[in-house]
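Listed here are the chains, written in short residue letters.
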Amino acid sequence: TEETLVLVKPDGVARGLTGAILARIEAKGYALVDLRLVEPDRGRLEQHYAEHEGKPFYEPLLEFMMSGPSVAIRLAGNRVIEGFRSLAGATDPTTAAPGTIRGDLGRDWGLRVQQNLVHGSDSPESAARELDIWF
Ligand code: GTP
Ligand code: MG
């Protein structure tokens, strides 16, 4: 079986959507293996988002991710990496399909970084790397 890192990002926690997001994950049938509330420091986020360093949204992204706690989840199941990203929907919550977490619960708030409620690892290599960063 496969594992992935899911984050309920600070906007999701602040808006009180952690339970709604967990309910969707559980209803889909994936297994919660570990879960913790984390207030990441800058170093942890620099590791997590290393691939985006230098992009225009990088600094706003780190600031946003330091604005409050996230819920980190170790999630397991066959093809859970692909499955959770499908459940999350497209990165831009304005155009993410209805029925997805971002499409149903997210929107554009006119900020410098997209606040899109959740993160999910995008490959087995990313999942292994990111799970080590958050757990
Ligand atoms: P994650 O699951 O959070 O990694 O989202 P993703 O894989 O769909 O997106 P990606 O890894 O490309 O980007 C990481 C995060 O940076 C996104 O979730 C957004 O919060 C933000 N982001 C990505 N692309 C843009 C962009 O073009 N503009 C802005 N403002 N923010 C972006
Ligand atoms: Mg990503």
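Since the structure is predicted, the reported quantities are computational estimates derived from the model, not experimental observations.

Novice: Before we go on, may I ask you to explain unusual backbone geometry in this structure?
Specialist: Where the residue is not glycine, phi is negative for most of them; where a peptide bond is considered, it is trans in most cases. A positive phi is found at Arg79, a non-glycine position, where the angle reads about 55°. The topology assignment puts Arg79 in the loop between β3 (70-77) and α5 (80-88). The exposure class assigned to Arg79 is exposed, which follows from the 12 C-beta atoms found within 10 Å. The phi angle at Leu117 is positive, at roughly 75°, despite the residue not being glycine. Residue placement: Leu117 occurs in the loop between α6 (101-105) and β4 (118-120).

Novice: Explain the environment of Pro124 to me, please; I cannot follow it from the model alone.
Specialist: Following the sequence through the fold, Pro124 ends up in helix α7 (residues 124-134). Separated by 54 residues in the primary sequence, Pro124 and Ser70 place their C-alpha atoms 22 Å from one another. Those residues within four positions of Pro124 in sequence are excluded, and the remaining contacts are Glu2 and Ile81.

Novice: When you look at the site of ligand 1 in this model, what are you seeing that I'm missing?
Specialist: Every residue close to ligand 1 is listed here: Phe57, Leu61, Thr91, Val113, Gln114, Asn116, His119, Gly120 and Asp122. Looking at the shell around ligand 1 residue by residue, the classes come out as three nonpolar, five polar and one charged.

Novice: Would you explain the sheet that holds β4 in this entry?
Specialist: Hydrogen bonds between backbone groups are what pair the strands of a sheet, and the pairing can be parallel or antiparallel. Read from one edge to the other, the open sheet built from four strands follows the order β2-β3-β1-β4, with strand pairing classed as antiparallel. Only two strands of the sheet have a single neighbouring strand rather than two, namely β2 (31-38) and β4. Strand after strand, the sheet turns through a mean of 20° between neighbouring axes, direction not considered. Here seven bridges tie β2 to β3, and the two strands are oriented antiparallel to one another. Its bridge partner being in β3, Val38 is matched across the sheet by Ser70. Seen against the sheet, α5 touches β1 (2-8), β3 and β4 and runs at an angle of roughly 30° to β1. The sheet strands contacting α7 are β1, β2 and β3, and the helix crosses β1 at an angle near 55°.

Novice: Looking at this structure, how should I read the UniProt feature "binding site: ATP" (unreviewed entry) in the chain?
Specialist: According to UniProt, the positions carrying the feature "binding site: ATP" (unreviewed entry) are Lys9, Phe57, Arg85, Thr91, Arg102 and Asn116. Its location among the elements puts Phe57 in the loop between α3 (42-48) and α4 (58-65). In this view, Phe57 contacts Arg112 and Val113; residues no more than four positions away in its chain are not counted. As for its position among the elements, Thr91 is in the loop between α5 and α6. Taking the C-beta count within 10 Å as the criterion, Thr91 has 11 such neighbours and is therefore assigned exposed.

Novice: Any chance you could explain the environment of Lys55 here in plain terms?
Specialist: Along the chain, Lys55 turns up in the loop between α3 and α4. The class for Lys55 is exposed, based on 10 C-beta atoms found within 10 Å. Sequence separation between Lys55 and Val33 is 22 residues, and the spatial gap between their C-alpha atoms is 33 Å.

Novice: It is not clear to me how the nonpolar core should be interpreted in this structure. Could you clarify?
Specialist: In summary, soluble globular proteins display a tendency toward joint burial of nonpolar side chains. One finds Val6, Leu75, Phe84, Ile101 and Val118 to be the most contacted residues of the largest nonpolar core, which totals 21 residues. Breaking this core down by element, the ones donating at least two residues are β1, α2 (18-28), β3, α5, α6 and α7. Among the elements that line this core, the one with the most residues is α5, at five residues. Discounting residues that sit within four places of it in the chain, Val118 has contacts with Val6, Leu7, Val8, Lys9, Gly12, Ile21, Ala88 and Ile101.

What counts and how
Residues numbered from 1 in each chain as written. Chains lettered and ligands numbered in written order. Predicted model: local features only at pLDDT ≥ 70, side-chain atom pairs only at ≥ 80, totals over all residues. Helix = DSSP H or I, 4+ residues; strand = E, 2+ residues; numbered from the N terminus. Buried ≥ 20, exposed ≤ 12 C-beta atoms within 10 Å, placed from the backbone. Contact = placed C-beta atoms within 7 Å. Near = placed C-beta within 6 Å. Nonpolar A, V, L, I, M, F, W, Y, C, P; charged D, E, K, R; others polar. Pairing = 2+ DSSP bridges. Axes fitted to C-alpha atoms, helices over the stretch in contact; angles between N-to-C directions. UniProt positions renumbered as here; feature names shortened; annotations may be inferred. Core = buried A, V, L, I, M, F, W, Y, C linked by C-beta atoms within 7 Å.

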